[in-house]
Each structure stands twice: as C-alpha cells, then as structure tokens.
Amino acid sequence: MAERLTRRLGTGDAVVIGLGSMLGAGVFAAFGPAARAAGTGLLVALLAAAVIAYCNATASAQLAAVYPTSGGTYVYGRERLGHWWGFTAGWGFVVGKTASCAAMALTFASYAVPGPWWAQRAAAVAAVLGLSALNYRGVSRTALLTRVLVAGTLTALAVVVAGIAAGGGAGAANLGGWASLRAGGAYGVLQAAGLLFFAFAGYARIATMGEEVRDPRRTIVRAIPVALFLTVAIYLAVGTAALLAAGPDRLAGSAAPLATAVEAAGSAALAPVVRAGGAVAALGALLALIAGVGRTGLAMARHGDLPAWLAAVHPRHRVPHHAEIALAAAVSALVATADLRGVIGFSSFGVLVYYGIANAAALTQPAADRRWPRALHLLGAAGCLALSAALPWPSVLAGAAMFAAGLAGRWLVLRRRASRAGREG
C-alpha cells in the first residue's frame, strides 16, 4: 500500500500557499513581456487571463474536493478521462513547472545579486538547494515560511504603489493613448494574456497538496477562489500604477519593470525596496513550486508513469523526499543555461494544456459533485486553447516537442512492459 502524506494544513495555510505561488511570478517577472506584446492593452490581457484563471480555478476546486490526493489534474485526468489524458496533464505540469522553478530562481538572483552573471547563477542554485532542504523538513515549515514571504511581498508592493502615487511623475499621458491600447491588436492581447497566465497558475499548488489539507472538500473549494481574487486585485492595482508611472514602452524594455516604474515616478529612493520585494516574492513562489511539483511527481510515480523511486515518502517528515531531491537537481542544472523570458512562455504552454484537461475532466463530473455550471468549464477549456496558441511561436514549438517526447516515451515504456509480461506469461 502506498504511503500517505499527513493532513496538517487549514484554509488559511492553503490561501497563503496559493498567494505565495502567484504573487512572485506575475508582478516581478511577467509584466515586461506582456507590455511588449500588448502595450497598454496588458490591462485588458490581465483581465482576460484572470477570467480564464477563474474558470480553471473552479474546475480545479470542484475536482480536488472529490479527489483530495496529491497530483492535481494528473489524478483528475486519469479518473475522469483516462490514463493517457492524466499522463499528458501530469507531464505538462512537471516539465513546465520545473522551468518555472528555474525562472523564479533566476528572478530572485537578478533582484538580489547585482553582480556578474556567474554570481547570479550561483545565488539561484543556492536558493533552489536551500528551499528544497526546507521542504524536505516538512510541509508545516513550508506553510510557515510562505506566510513570512507573502507578508514581505505585500509590504513591498504597497510601498511601490504608494511611492508611485507620491512621486508625482505618474499620469494618464504616459499611457500613450488609444494608439498604445491598439498597438498589439487582438493577437497581442491574447499573447500577453497567455504570458500573464503564468502569474495566476499558483492556485494549482493548493489542489496538488490536496492530500495534506484538513477537510479538503471544504478547504480547497474555499481557498482557491479566495487566493485568486486577492491576487487579481493586487495585480490590477500594481499594473495600473506601473503603467501610469512608466508607460508601456519603458516597461517592455525593462528587466525590472517595477523598479523602472518607481524611478520614472520620481521615487528612485524606493528602488532598493522594490529589489528586496522582488527577491522575497521570487523566493515565495519558488518555495511553493517545489512543493507542488514534488507532489505531482509523487502521484505519477505511484501509478508507474515516473520511476518508482520517486514515490517514496519520508518516514518522519512525511514529504515526497526523493521527488524533491530529483527536482532540486534538475532545476539547479536549468538555472545554469535558462533564459528568464523564454521559460515563461514555455511554462505557460505546459500549464495551459494542464488546465485545459482539468476543464475537460470537470465537464464529465455528475450533478452530485458539481459546484459551478458547466459553461465555466467550457469557457475555461476554450480559453486555454486560445491562449496557448497565441504564445510566442518558439514557446509553442518547444512545448509541442516536450509533449511529443513525453507521450512517445510513455508509449515505449508501456510497450516494453507488455512485452515483458507476455514473455513471463
């Protein structure tokens, strides 16, 4: 019988873990590429991404309440649609979110270490190893540190908005008028929405930790929408302030868009606060990502879709320690070669496929298990398809190749197993 994880997390813990996953990714990493794609239309893209994220959140919450175990849509796809669908979702999540871990580690280093590239890469590896060691010690410690990191992030963002308001350099003239709003067209808005969706994907951490929350039918259904709505409100406030201060062109050309916005508003003295906030936010997102990816790897290993070694649960700390060790090694290797902007698109492609399958699985649930109308899941599935297709073409090609490799690998493994079973029979 597979070893089980321990249910230690309440609703507040789950909301904080979701916030920790989302806040660091979007505010400090995705606004620049989104402004480049859509100009001022990034606010429209932000709302579009939020709507699709809400549809996906309802599907995830509805499914997680019925299947409160580690693995998220990997498990839901297997149970509702079949093993191949579940594997596709799990593969997209594990590979895409491994790239997200590298992106968050690099974001932390770029904000925290102003030195040469090799020093930033070393700091990124150190962050991965340190937070992996913390996760190894148990999920209660993960939730506690996430609370601290979320508090630091919110404080930094409040200072950013207040500094822009007080600086006097912000104004509607910086937005560029209707020309900037229409600069990217519908395609640019969709592409920006796909990139910004990367920022909302953190609520999946709550569902993938379904085996570790108390009263999951109640806790997960409450925690996912609350964490998402809080994040949307924060993103809109910060995004509006940044656009008013710096305009879309300056944001698009900046590797640290919030620092650029503060400086443009005439509050350059607050730039160190922004950098500290970016570093803290990235750490919070990385911490929650490590926990979520490790648990999906655990679920896939339990069902034979990843090596059985990854299914081990630590006898004392009750965490999937082998999966987290493997993840730490993979992410540490990625940060030596990854490009921050490129991995955002790659990760978004994998996660959009993941949530497309979640919506499809939710559509098959019976009335007794339904908490939201099917129309939301239809909109979610269509939105995931549209946003994934609108991503930059290198991300689409790399994502398609990643899924093809994973599906081909599973087919070969299953064929080898069947051949071995036939010989033994």
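Scroll up a little and you will see the structure.
Source: prediction; values computed, not measured.

## Focus: the overall build of the protein
Then comes step 1: The helix and strand inventory of the protein stands at 16 helices and 0 strands.
Then comes step 2: Whereas a compact globule of 425 residues would reach a radius of gyration of roughly 22 Å, the protein reaches 21 Å, a difference of no more than 12%.
Then comes step 3: Seen along its three principal axes, the alpha-carbon backbone of the protein occupies a region of about 75 × 40 × 40 Å.
Then comes step 4: For the protein, with 425 residues in total, the buried portion stands at 59%.
Then comes step 5: Considering only contacts in the protein between residues 6 or more positions apart, those separated by 24 or more positions represent 83%.
Then comes step 6: Here the protein has roughly 15,500 Å² of accessible surface; of this, 67% comes from carbon and sulfur atoms.

## A closer look at the nonpolar core
Soluble globular proteins tend to bury their nonpolar side chains together.
Then comes step 1: Judged by nonpolar contacts, the single largest core of 139 residues is most densely connected at F200 and L286.
Then comes step 2: Once residues within four sequence positions are removed from consideration, L286 is found in contact with C101, M104, A105, A127, V128 and L131.

## A closer look at the packing of aromatic side chains
Then comes step 1: For the structure on display, the rule yields 10 aromatic pairs.
Then comes step 2: Their ring planes at 35° and their centres at 6.3 Å tell us that Y67 and Y76 sit as a pair that is tilted.
Then comes step 3: For Y67, a relative accessible area of 17% gives the class buried.
Then comes step 4: Aromatic rings pair up to connect F93, F197, Y354 and Y355 into one cluster.
Then comes step 5: Positioned over the ring face of W84 is R410, at 4.6 Å from the centre of the ring.

## What about helix α8 (residues 185-200)?
Then comes step 1: In this model, α8 (16 residues) spans 23 Å end to end at C-alpha, consistent with the 22 Å of a helix rising 1.5 Å per residue.
Then comes step 2: Most of α8 is tucked away, with 12 of its 16 residues classed as buried.
Then comes step 3: Those residues of α8 that fall on the buried side of the exposure criterion are G188, V189, Q191, A192, A193, G194, L195, L196, F197, F198, A199 and F200.

## Remarks on helix α4 (residues 83-112)
Side chains that are three or four residues apart share a direction in an α-helix, a result of its 3.6 residues per turn.
Then comes step 1: Its 30 residues give α4 an end-to-end C-alpha distance of 43 Å, which sits within 8% of 44 Å, the value for a rise of 1.5 Å per residue.
Then comes step 2: With 23 of 30 residues buried, α4 lies mostly within the body of the structure.

Rules used in this analysis
Residue positions are counted from 1 within each chain, in the order its sequence is given. Two thresholds apply to this predicted model, a pLDDT of at least 70 for residue-level local features and 80 or more for giving and counting side-chain atom pairs, whereas whole-chain, interface and lining totals are computed over all residues. Water and hydrogen atoms were dropped before computing side-chain values, which therefore reflect all heavy atoms in the structure. We count a stretch as a helix when DSSP gives it H or I for four or more residues in a row; a strand needs E for two or more, and each element gets its number in order from the N terminus. For a compact globule the rule gives 2.2 Å times the number of residues to the power 0.38, and the radius of gyration it is set against comes from C-alpha atoms. Exposure classes here rest on a 1.4 Å probe applied to the protein chains alone. A residue is buried below 20% of its type maximum, exposed above 50%, and partly exposed in between. Here, two residues are considered to be in contact whenever any of their heavy atoms come within 4.5 Å of each other. Areas reported as accessible are Shrake-Rupley estimates using a 1.4 Å probe. Residue values count occlusion only from the protein chains shown. Among buried residues, those of type Ala, Val, Leu, Ile, Met, Phe, Trp, Tyr and Cys that are joined through side-chain atoms within 4.5 Å constitute a nonpolar core. Think of it this way: a Phe, Tyr or Trp ring, Trp meaning its six-membered ring, pairs with another when their centres are within 6.5 Å, and the plane angle makes it stacked under 30 degrees, edge-to-face over 60, tilted otherwise. Placement of a positive charge over a ring is assigned whenever Lys NZ or Arg CZ falls within 6 Å of the ring centre and within 35 degrees of the normal to the ring plane. The span expected for a helix works out to 1.5 Å for each residue beyond the first.

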